[in-house]
Amino acid sequence: MSTLQKENDFSEEHFEYIQWHLRKACLAWGAGLLYCSPRENSNTKLLLDYMSHVFYGLKFKTEPQVVDRDAIFVPIGWDSPSKIGLLSDGKHSFLLFLFSTI
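The paragraphs below set out a description of the structure included in this document. Because the structure is a prediction, the values reported are computed rather than measured.

Once that is clear, we can look at helix H3 (residues 44-56). Taking 1.5 Å per residue as the helical rise, H3 with its 13 residues ought to reach 18 Å, and the 18 Å between its terminal C-alpha atoms agrees with that figure. Every buried residue belonging to H3 is among Leu46, Tyr50 and Ser52, and all of these are buried. Burial along H3 is one-sided: seen end-on, the buried residues are contained in an arc of 155 degrees. Exposed side of H3, more than 90 degrees from the buried face: Leu48, Phe55 and Tyr56 are the residues found there. Looking one or two residues beyond H3, the residue adopting positive phi is Gly57, at roughly 75 degrees.

Quick look at the structure:
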């Protein structure tokens, strides 16, 4: 994510827009969303623990995480259109500029 921010000049709005679309797609499919990076050792243990919970019913007590853009975790069944809507409260105004320049 830091590469996108540095090389492509992505702002916080860009990352929220991407998260908004991913969460809407996951909600439509009944899926969860988890950002992980083995290179940065980010959320790899969480992924293993969550998969063990989903596949084998092992205990799992980690809360959803939607604030830190490098550690997003939305479990299956937790999200809703109203929660996703909090990301789009007029914050994607940069898109109007992007499309007007094409």
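We are not done yet, so read on.
Now for a nonpolar patch on the surface. A contiguous nonpolar patch, built from Met51, Val54, Phe55, Tyr56, Leu58 and Ile76 and spanning about 650 Å² of accessible area, is present on the exposed surface. With respect to the helices, strands and loops of the structure, Ile76 is situated in the loop between strand E2 (73-74) and helix H4 (81-85). Accessibility expressed as a relative area gives 47% for Ile76, which makes it partly exposed.

A few words on unusual backbone geometry. Glycine aside, residues mostly have negative phi angles, and peptide bonds mostly take the trans form. Its identity is not glycine, yet Asn41 carries a phi of approximately 50 degrees, on the positive side. Within the secondary structure layout, Asn41 lies in the loop between strand E1 (33-34) and H3. Residues other than glycine seldom take positive phi values, yet Asn43 does so here, at roughly 65 degrees. By the element assignment, Asn43 lies in the loop between E1 and H3.

The next subject is the packing of aromatic side chains. Inspection of the entire model under this criterion finds four aromatic pairs. Of the aromatic side chains, those joined through ring pairs into one cluster are Tyr50, Phe60 and Phe73. Geometry around Trp78 places Lys83 over its ring, the cationic atom sitting 3.9 Å from the centre.

Definitions and cut-offs
- Residues numbered from 1 in each chain as written.
- Predicted model: local features only at pLDDT ≥ 70, side-chain atom pairs only at ≥ 80, totals over all residues.
- Heavy atoms only, no water.
- Helix = DSSP H or I, 4+ residues; strand = E, 2+ residues; numbered from the N terminus.
- Expected span 1.5 Å × (residues − 1).
- Buried < 20%, exposed > 50% of the residue type's maximum accessible area, 1.4 Å probe, protein only.
- Arc of directions from axis to C-beta.
- Patch = residues over 30% accessible without salt bridge, like charges linked within 9 Å, V, L, I, M, F, W, Y side chains within 5 Å.
- Areas by Shrake-Rupley, 256 points an atom, 1.4 Å probe, with all protein chains shown as cover.
- Salt bridge = Lys/Arg side-chain N within 4 Å of Asp/Glu carboxyl O.
- Phe/Tyr/Trp six-rings, centres within 6.5 Å; stacked < 30°, edge-to-face > 60°.
- Lys NZ or Arg CZ within 6 Å of the ring centre and 35° of its normal.

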